[in-house]
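The chain contents come next:
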Amino acid sequence: MTKTTTSAPVLGLRALNRATLDRQLLLRRSGLSAKAAVGHLLGLQAQNVKPPYYALAARLDGFTPEALSELMADREVVRIVTMRSTIHTHTAEDCLTLRPLVQPARDRELTNFRKGLEGVDLDRLAVLARELVEAEPRTMKQLREALLAEWPDADPQALAIAARCRLPLVQVTPRGLWGRSGQVALTTAEHWLGRPAESGPAPDATVLRYLAAFGPASVKDMQTWAGLTRLRDAFERLRPQLRIFRDQNGVELFDLPDAPRPAEDTPAPPRFLPEFDNLLLSHADRTRVVPKEYWGRSWQGNQAYCTLLVDGFLAGVWRLTADALVVEPFGRLTKAQRGDVTAEGERMLATLHPGTPYDIRFGTVVPH
């Protein structure tokens, strides 16, 4: 540990929690537009269609699902595999810069499928796949079948994944639109957006944006968020213009000098978040939001649950049934907390499901 680190101010768990919630627009609702919020947050986790809408409903004042849906229909935001090899909803601008930034991770991912790609010329595959999806959007099944005709001895799934790793493939609408259904069909980001991607951008600007949305944070935190390694050099280049803190374990944390760091007793209202919300996935040490005793409670196997924050921390899960919003807390809520959770639930339902009669029920406390 360096002298600078040992002398740096310590940020306790609740101070980190409140700072992160403020950056994530979860301490109070923001008046940002949907597009500005997607940009500020560096994208929204979007493995499924609905989570980005729930993510913005929890963060923005006056949000309507049509606001995001229209951006997607107008190609101002897109769905594409980026950080952590998962689908995110990004602004068009971020799609063209963040995807090239995380390309090394997509290249590493491809090595997992080396056995199924023996004898496959990956450069030629990328050219063929680009021609196919730019002629017309293709499903993964159509892409597999077309590429298999060229390399019949290869693993079909590996061929399609190779195309997804080598090319920035976006999901075309109507997939992702609110209240619409559509299978996943893909084309290149450049073709869909009508302009080229940035070639190999330096990470420095993204480090600053990451800190604005997720800080204060360590190098390892950002590497976890991005699914990248070797970001230390970028942080060191930026060190002179950043503030340095440390957490309770002595881990060095970087932050923007003027970024908000609210007092740890700042009230944090309840929030209903979708499954896989970036708040829960974007730090190596998630205790700033997830109490240790609740680690692993928001998913089971490959099934992730929608999550509930109370006093700024993960406190339970929730789900919508045919006629009710069912809240299952991990611990006992006070009468006042239950009242606040109910009010927030009513607001969420009015935002995303206006006119649909839902009861709000508290399920059995989920046992340890």
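Heads up: these notes are all about the structure in this document. (Residues numbered from 1 in each chain as written. Predicted model: local features only at pLDDT ≥ 70, side-chain atom pairs only at ≥ 80, totals over all residues. Heavy atoms only, no water.)

Quick look at the environment of Ser85
One can find Ser85 in the loop between strand 2 (77–81) and strand 3 (87–91). Residue Ser85 is classed as partly exposed on the basis of its relative accessible area, which comes to 24%. In this structure the C-alpha to C-alpha distance between Ser85 and Thr356, which are 271 residues apart in sequence, comes to 35 Å. When sequence neighbours within four positions are dropped, the list of residues in contact with Ser85 reads Arg106, Glu109 and Arg164. (Helix = DSSP H or I, 4+ residues; strand = E, 2+ residues; numbered from the N terminus. Buried < 20%, exposed > 50% of the residue type's maximum accessible area, 1.4 Å probe, protein only. Contact = heavy atoms within 4.5 Å.)

A look at the environment of Val10
By secondary structure assignment, the location of Val10 is in the loop between helix 1 (3–7) and helix 2 (13–23). Sequence-wise, Val10 and Val327 are 317 residues apart; in three dimensions their C-alpha atoms are separated by 35 Å. For Val10, the contacting residues outside a window of four places in its chain are Arg246, Asp247 and Gln248.

A few points about the packing of helix 12 (residues 204–214) against helix 13 (residues 219–226)
Two measures define how a pair of helices packs: the angle their axes make with one another and the distance between the axes. For the pair helix 12 and helix 13, the least separation of the axes is 11 Å and the interaxial angle reads 95°. Classified by the interaxial angle, the pair formed by helix 12 and helix 13 is roughly perpendicular. Across the interface between the two elements, Thr206, Val207, Tyr210 and Phe214 from helix 12 touch Asp221, Met222 and Trp225 from helix 13. A class-by-class count of the residues in the contact of helix 12 with helix 13 yields five nonpolar, one polar and one charged. (Axes fitted to C-alpha atoms, helices over the stretch in contact; angles between N-to-C directions. Parallel < 35°, antiparallel > 145°, perpendicular 65-115°, else oblique. Nonpolar A, V, L, I, M, F, W, Y, C, P; charged D, E, K, R; others polar.)

What about the side chain of Thr287?
The residue Thr287 is located in the loop between strand 8 (271–273) and strand 9 (299–300) in this model. In terms of polar contacts, Thr287 uses its side chain to reach the side chain of Asp285, at 2.6 Å. The residues contacting Thr287, other than those within four sequence positions of it, are Leu13, Lys292 and Phe313. (Polar contact = N/O pair within 3.5 Å; in protein donor to acceptor, adjacent residues only side chain to side chain.)

What about the packing of aromatic side chains?
Counted by the stated rule, this structure contains 10 aromatic pairs. Ring centres 5.0 Å apart and planes at 55° place the aromatic pair Phe235 and Phe254 in the tilted group. Placement of Phe235 in helix 14 (residues 232–238) and of Phe254 in strand 7 (residues 252–255) is noted, with a sequence separation of 19 residues between them. In this pair, the class of Phe235 matches that of Phe254, namely buried. Residues Phe272 and Trp318 carry aromatic rings whose centres are separated by 5.6 Å and whose planes lie at 80° to one another, so their mutual orientation is edge-to-face. With a gap of 46 residues between them, Phe272 in strand 8 and Trp318 in strand 12 (residues 313–320) connect regions that are remote in the sequence. For the pair shown, Phe272 and Trp318 are each scored as buried. Joined through ring pairs, the aromatic side chains of Tyr53, Tyr54, Trp178, Phe272 and Trp318 make up one cluster. (Phe/Tyr/Trp six-rings, centres within 6.5 Å; stacked < 30°, edge-to-face > 60°.)

With respect to empty space enclosed by the protein
Counted according to the given criterion, the structure contains two cavities of 30 Å³ or more. Volume-wise, the largest cavity comes out at about 70 Å³. Lining the largest cavity, in full, are Gln24, Leu41, Gly43, Leu44, Gln45, Ala55, Arg59, Phe214, Pro274, Asp277 and Asn278. Split into classes, the residues belonging to the lining of the largest cavity amount to five nonpolar, four polar and two charged. What lines the second largest cavity is simply Arg29, Tyr54, Ala57, Ala58, Phe272, Glu344, Arg347 and Met348. Per element, the largest residue contribution to the lining of the second largest cavity is three residues, and it comes from helix 15 (residues 335–352). Grouping the amino acids of the lining of the second largest cavity by side-chain chemistry returns five nonpolar, no polar and three charged. (1 Å grid on protein atoms, 1.4 Å probe; cavity = no way out; pocket = protein on both sides within 12 Å on 5 of 7 lines; lining within 4 Å. Points joined across faces, edges and corners; volume = space filled by probe spheres on them.)

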